[in-house]
Structures are given as structure tokens and as C-alpha cells.
Amino acid sequence: MSLISRCLTEVFSFVRRHRDENLRWHLHRQQDVAQLKQAQLLAEQALVSQLKKQAQQLAHELAVNKARNSNELEMVKTQCKQDLKDYQQYLQSLDRLKESLRGSYAHLPEAVAFTIHHHAKQLLNRMWDESQPEEKLKLEMQLLQFMTAVHEDSQASLQDSQAEGLPQRALAFIDADRASE
Amino acid sequence: MLWSLSSGCNSMPRRIFYGGLVIGSLAMLLFVAGFVSLQLGLVLLMGLFYLLASKILLLALVVLALLGLAALIKAIGRELLGYFDAESAALRRLLSLQRYRQDARQQAVQQQKQLHYWALFKRQRLLAANNRKHLRALSAAIEGELRAGQSQLTPSHYQSLRKALRQYYKRADVEAMLALRQQIPCP
């Protein structure tokens, strides 16, 4: 019986020692644990505030970008509309050119007038599709020179009723262009 | 799970776990006792022991299962709290704003591309309408010239030229129409 009670006493004292040691260990590190928790909390708050600041900056940048993009888009839209209007006016002026040619030359075949008008339209389209500004300018000069040649031919024909029945300068211009191509 | 159970502030789950294991051990002991009593020929005792042991083992397993379920619910709760806390919310907001910025950039590029495409399309439409108008005038003029020179052509030749002219007009083939005009004799 005393053996059992001795064993039991040993066991209980072992358990009590273990629990005392555990309690001392917890008390010893309680301050460190509290410091760690506080440091974690502060770090988390700092991180949250930094993230919020970054989000605010990003939101501001987004608003600025949105305004700038919409402005740029409006500008591009206006420019495209203006380009289209300019192109339409060019086409109309070429049509008027053809009409004036037919009006100046009494017996001009439609095919010749068409060829001249077609050549002018080709020049116009080449100029419009060109992306390099120098080349574009060159082609525009070429087109203007061609239109001037046609006008001069029309005027010469109106002034001198005995002139040939064809706009020679315009046709020579076309031949020169085709030869250079 | 055992690690979380063994930390100082989680002694309750640890006790329940050990309690479950103890109950399971008791059930095992009762199984052994039942086996011994079977060997000794005590059948009724064996039956009693086995009955008790099976019920106690079931109890132990239920306790452990409930403990596992509680640990699972706790883990889910911890994850949800982690999802809804301030840091995650701020990070989510920041990432979504970055995504908006990228989307806005791409959208601006695509919108400008679309505007240029529409401008090109409208210009081509204008050009096509203008071409059609002048081609119609040219076709009418060549047909007039063909009718004027009809007397100098055989009827079949005249019809074939007319048909060819119509085909070239439908195909908008300017070169072919002008070449056909060269074939028409002067009246």
C-alpha cells in the first residue's frame, strides 16, 4: 500500500513540478510575448496606412489619366472628322476640276476627262496614305501642280478658240508621271 | 493541429484530445479483457465486455471527430478573419486599382485604334462612292460611243463589246473599259 501511495506521490509531485516549471516559463516570457504582439500590431497598422496611401496616390493617378485620355480621344476624334471633311472637299474640288475641263473643251471625250480626273484622284490618295511628312508634302505639291496645269489648259482653251481639242499639259504631266513610275 | 493544441493557451482542446485517447485506450483494454474472458470460457462476461468496449470506442471516435470538426471550423474562421481584416482589404484595393490603371491604358490604345479604323473606313466609303459616280459616267459615255459606231461593227461584235463593257463596269475595271474604247471604230 505504501508502495502504491509512494508511487502516486511521486507521480503527483512530478506533475506538479512540471506544471510549476511551465508556469514559470510562461511568466518569464510574458513580457516578450506582449512586446512581440505590440510590435506586430504596430507593423500591421504601418503596413495598412502605407497601403492606403499608395491606393490614394494610385486613385489620383487614375483620375488624372482618365481625364487626359478622354481629352486625347476627343482631339483625335476632332482631327479625324476634320481630315474626313478635308478629304471630301478635295474630292469635290477634283469633281469641279473635271466639270470645268469638260466645260472648257467642247468636244473632249469623257474617257480623257476621266483619265485626268482619275490620275488626280490617285495622286490625292497617295498623298493621303503617305505617313512621312516630306513625301506627303512632295505629293501634295505634285497634285497642286497637276491641278494648276489642268486649270491653265482650261483657261488657254477658253481664251484661244482655235486651240487643240485636248489639254496637252495635263496629259503630258500624266505621261511624265507614268514614265517616272 | 497537435502544434496548435500544444500551445499554452489551447489546453482545453489538448485535454479533450488526450481524454479521447484515454477513452479509446479504455475501450481497447475492455476488448482485451473480453478476449481473455473468452479464453477462460466466461462467455457472458465476454459479451458484456465486448458490448461495452464497442460503445466506448464509438464514444472515443465521436469525441475525436468532433474535436477535428472544431479544429476545422476554427481554421476556417481564422482564414475568414484574415481575409476580412484591414491589411488584406487595403492590399486588395491597391491591386484592383493597379488593374484599373492597366485596363485604362489598354482601353485608350484600343479606342484610338478604333477611331483611326473608322476614319479610314469612312474615307474609303467616300472614295468608293466617288469612283462609282465617275465610272457610271465613263460607262455611259463609252456606251454612247459604241452606239455611234454600231454601223461599222457586225451585230455579234457589237453585242459582245456591249456585254464586255457591262462586265467591266460591274467589276469596276477601268483599264479594261478604256482598252475596250480603243476597239470602237471612229464614226
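Scroll up to find the structure.
So, a few notes on the structure that sits alongside this text. Note that the structure is a prediction, hence the values are computed from the model and not measured.

What counts and how
- Residue positions within a chain follow its written sequence, with the count starting from 1.
- Labels are handed out in written order, letters beginning with A for the chains and numbers beginning with 1 for the ligands.
- At least 70 in pLDDT is required for a residue's local features to be given in this predicted model, at least 80 for side-chain atom pairs to be given and counted, and no such filter applies to totals for whole chains, interfaces and linings, which use all residues.
- For side-chain calculations, the full set of non-hydrogen atoms in the structure is used, while hydrogens and water are omitted.
- Helix and strand assignments come from DSSP, with helices taken as H or I runs of at least 4 residues and strands as E runs of at least 2, each series counted from the N terminus.
- To get the radius of gyration, use the C-alpha atoms; to get the globule rule, take the number of residues to the power 0.38 and multiply by 2.2 Å.
- Contacts between residues were defined by any pair of non-hydrogen atoms, one from each residue, lying within 4.5 Å.
- Surface exposure here means Shrake-Rupley accessible area, sampled with a 1.4 Å probe, where a residue is shielded only by the protein chains that are shown.
- For the purpose of charge, His is not counted, nor are the chain termini; Lys and Arg are scored as positive and Asp and Glu as negative.
- The location of each charge is read from NZ of Lys, CZ of Arg, CG of Asp or CD of Glu.
- Partly exposed residues are those whose accessible area sits between 20% and 50% of the maximum for their type, while under 20% is buried and over 50% is exposed, using a 1.4 Å probe and protein chains only.
- Aromatic pairs are defined between Phe, Tyr and Trp rings, using the six-membered ring for Trp, whenever the two ring centres lie within 6.5 Å; interplanar angles under 30 degrees are classed as stacked, those over 60 as edge-to-face, and all others as tilted.
- Placement of a charge over a ring requires the Lys NZ or Arg CZ to be within 6 Å of the ring centre, with the centre-to-atom vector within 35 degrees of the ring normal.

1. Here's the deal with the overall build of chain A
Right, on to step 1. Counting secondary structure elements, chain A contains four helices and zero strands.
Right, on to step 2. The helix and strand sequence of chain A, counted from the amino end, reads α-α-α-α.
Right, on to step 3. Taken over the C-alpha trace, chain A has a radius of gyration of 46 Å; the compact-globule value for 181 residues is 16 Å, which it surpasses by more than 25%.
Right, on to step 4. Projected onto the principal axes, the alpha-carbon positions of chain A cover approximately 150 × 30 × 25 Å.
Right, on to step 5. The contacts in chain A between residues at least 6 apart in sequence include a share of 66% that link residues at least 24 apart.
Right, on to step 6. Here chain A displays about 13,000 Å² of accessible surface, and carbon together with sulfur accounts for 55% of that area.
Right, on to step 7. Put simply, chain A has 23 plus and 25 minus side-chain charges, and the middle of one group is 20 Å from the middle of the other.

2. Brief notes about unusual backbone geometry
All names here are of chain B.
Right, on to step 1. The backbone of A172 sits at a positive phi, close to 60°, despite the residue not being glycine.
Right, on to step 2. Relative to the assigned elements, A172 resides in the loop between α5 (155–171) and α6 (174–183).
Right, on to step 3. Since its relative accessible area comes to 46%, A172 is described here as partly exposed.

3. Description of the packing of aromatic side chains
All names here are of chain B.
Right, on to step 1. Throughout the structure, instances matching the rule amount to nine aromatic pairs over all chains.
Right, on to step 2. Plain terms: the ring middles of Y117 and F121 are 6.4 Å apart, the flat faces sit at 20° to each other, and that makes the pair stacked. On the criterion of helical spacing, the pair formed by Y117 and F121 is a turn pair, its members being four residues apart in helix α4 (residues 86–148).
Right, on to step 3. In this arrangement the basic side chain of R92 is found over the ring face of Y83, its NZ or CZ atom lying 3.9 Å from the centre.

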